[in-house]
Amino acid sequence: MKTKVCEPYFAQGLVRSPISATLPQIGSRLYVTWGILYSFPETRTHMLVSSLVISWAITEIIRYSFFGMKEVFGSAPSFLQWLRYSTFLLLYPIGITSEVGLIYIGLPYIKV
């Protein structure tokens, strides 16, 4: 099932990843930021917020530096390409662990 908002980007090839990989990543980030951190201020002071923000920030800095260099110069330096395709081995587990941990920490504050 494709979302109408995202469909044009995927159809135009602006996002290279399949929708089945991109939507869960976007969904989890939205859920953690709005569903947990925004909704439950008590979770904002936990140390997992730091690891979450650092892993997300480093990932995005590398990603957009890589794509920016490719767009401007036609290619990216090999070290940036290595960072782009290697740092996820460390940063994704840190980010996912932080996300799951923050959801777990938020559970006591969720009222049914």
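*Asks:* Sorry if this is basic, but what is going on with the environment of Ile103 here?
*Replies:* Along the chain, Ile103 falls in helix α5 (residues 88-106). Here Ile103 falls in the partly exposed class, since its relative accessible area comes to 26%. Between the C-alpha atom of Ile103 and that of Leu37, which follows or precedes it by 66 residues, the distance is 9.0 Å.

*Asks:* Would you mind going over the nonpolar core with me for this structure?
*Replies:* Buried together is how nonpolar side chains tend to be arranged in soluble globular proteins. Counting seven residues, the largest nonpolar core is built from Val32, Leu37, Leu48, Val49, Leu52, Trp56 and Leu102. Put simply, the parts of the chain that give this core at least two residues each are α2 (19-38) and α3 (47-73). Counting residues per element, this core draws most heavily on α3, at four residues. Discounting chain neighbours no more than four positions away, the residues touching Trp56 are Arg29, Thr33 and Glu99.

*Asks:* Sorry if this is basic, but what is going on with the packing of aromatic side chains here?
*Replies:* Any two aromatic rings considered together are summarised by their centre-to-centre distance and by the angle between their planes. Throughout the structure, instances matching the rule amount to three aromatic pairs. Taken together, a centroid distance of 5.3 Å and an interplanar angle of 70° make the contact between Phe66 and Phe67 edge-to-face. Phe66 sits in the buried class, given a relative accessible area of 3%. Here Phe66 and Tyr85 contribute two aromatic rings whose centre-to-centre distance is 5.7 Å and whose plane-to-plane angle is 85°, an arrangement assigned as edge-to-face. Of this pair, Phe66 sits in helix α3 while Tyr85 sits in helix α4 (residues 78-86), and the two are 19 residues apart along the sequence. Exposure remark for Tyr85: the relative accessible area of 44% places this residue in the partly exposed category. Aromatic ring contacts, followed pair by pair, group Phe66, Phe67 and Tyr85 into a single cluster. Directly above the ring of Tyr85 sits Arg84, whose terminal nitrogen or CZ lies 5.3 Å from the centroid.

*Asks:* Whenever I open this one, the pattern of salt bridges confuses me. Can you help?
*Replies:* Should the charged atoms of two oppositely charged side chains come close, the side chains can pair. If you walk through the whole model with that rule in mind, you get two salt bridges. With a closest N to O distance of 2.9 Å, Glu60 and Arg29 form a salt bridge. Taken together, the residues span a long stretch of sequence, with Glu60 in helix α3 and Arg29 in helix α2 at a distance of 31 residues. For Glu60, a relative accessible area of 16% puts it in the buried group.

The rules behind each value
- Residues numbered from 1 in each chain as written.
- Predicted model: local features only at pLDDT ≥ 70, side-chain atom pairs only at ≥ 80, totals over all residues.
- Heavy atoms only, no water.
- Helix = DSSP H or I, 4+ residues; strand = E, 2+ residues; numbered from the N terminus.
- Buried < 20%, exposed > 50% of the residue type's maximum accessible area, 1.4 Å probe, protein only.
- Core = buried A, V, L, I, M, F, W, Y, C linked by side-chain atoms within 4.5 Å.
- Contact = heavy atoms within 4.5 Å.
- Phe/Tyr/Trp six-rings, centres within 6.5 Å; stacked < 30°, edge-to-face > 60°.
- Lys NZ or Arg CZ within 6 Å of the ring centre and 35° of its normal.
- Salt bridge = Lys/Arg side-chain N within 4 Å of Asp/Glu carboxyl O.

Keep in mind that these numbers describe shape and distance, not what the molecule does.
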